[in-house]
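Fold and geometry: a report
Okay, here's what each chain looks like letter by letter:
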Amino acid sequence: MSSATVEAWPEGPAGLASRGRRGFRAWRRTRPFWGGLLAVFAGVPILYFPYAHLSLNGLTVAMATTAGAGSLLIGILMMVLGITVWFQPVVRIFCGVATTILALISIPVSNLGGFGFGVVPGLIAGGLLASWAPLPEPAAGPETAEMAAETTAGDAAPTAQLPAQAVAEQPMEHGATPTASPEGERP
């Protein structure tokens, strides 16, 4: 390796790989990655089986049906929905519902949904896509917590009490009924 290559990668190729892996992990956590991946995988058997010609002991079995165009459309749409949700996480609910509906439609249209190999991951993917929510923003560091503690300790503005709070603070005698005092008066 030349010295110019080492200078361009100060941490070396292993550091570059770990930085790439951390970057991919951060990207993956900001979107419904696994639901999209399952949607792409679910589209493959739905797309494949109607056009497959299997050979069993020299006997060619063609599973082509009249709904080959429907299988093609369903398989491609499921794969496109899975990829779309990776790059546009905002449309996750639409993609989840559409993936679920396409997986169910593939049962009668595409050889029982790719013999179950497309329906099951498609239904799981639809649920994952529709239920995914972004993680909340992480709380700030210790300096923000210290500033919040200082603000609440001394500089907080007094708040007006509601009438129900004022009544709750008054001691009650046995058998007495609570009465609300006017706002400015206190016993």
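Residues numbered from 1 in each chain as written. Predicted model: local features only at pLDDT ≥ 70, side-chain atom pairs only at ≥ 80, totals over all residues. Heavy atoms only, no water.

On to the overall build of the chain. For the chain, the count of helices and strands is nine helices and two strands. Counting helices and strands in the order they occur from the N terminus, the chain gives α-α-α-β-β-α-α-α-α-α-α. Sorting the 187 residues of the chain into buried and exposed places 27% on the buried side. Long-range pairs, those at least 24 residues apart, make up 65% of the contacts in the chain between residues at least 6 apart in sequence. Of the accessible surface of the chain, which amounts to about 12,800 Å², a share of 68% is contributed by carbon and sulfur atoms. (Helix = DSSP H or I, 4+ residues; strand = E, 2+ residues; numbered from the N terminus. Buried < 20%, exposed > 50% of the residue type's maximum accessible area, 1.4 Å probe, protein only. Contact = heavy atoms within 4.5 Å. Areas by Shrake-Rupley, 256 points an atom, 1.4 Å probe, with all protein chains shown as cover.)

Let us now look at a nonpolar patch on the surface. On the surface, Leu104, Ile107, Leu112, Phe115, Phe117 and Leu123 cluster together into a nonpolar patch covering about 570 Å² of accessible area. For the nonpolar patch, the secondary-structure elements that each account for two or more residues are α5 (92-109) and α6 (111-115). With respect to the helices and strands, the residue Leu104 is situated in helix α5. Residue Leu104 is classed as partly exposed on the basis of its relative accessible area, which comes to 44%. (Patch = residues over 30% accessible without salt bridge, like charges linked within 9 Å, V, L, I, M, F, W, Y side chains within 5 Å. Salt bridge = Lys/Arg side-chain N within 4 Å of Asp/Glu carboxyl O.)

It should be kept in mind that the predicted coordinates are not to be read in detail where pLDDT is low. Summing up the model confidence of the chain, the mean pLDDT is 77 and the portion of residues at 70 or higher is 64%. Within the chain, the lowest mean pLDDT, 54, falls on helix α1 (residues 3-8), and the highest, 93, falls on helix α7 (residues 119-131). (pLDDT = per-residue confidence, 0-100.)

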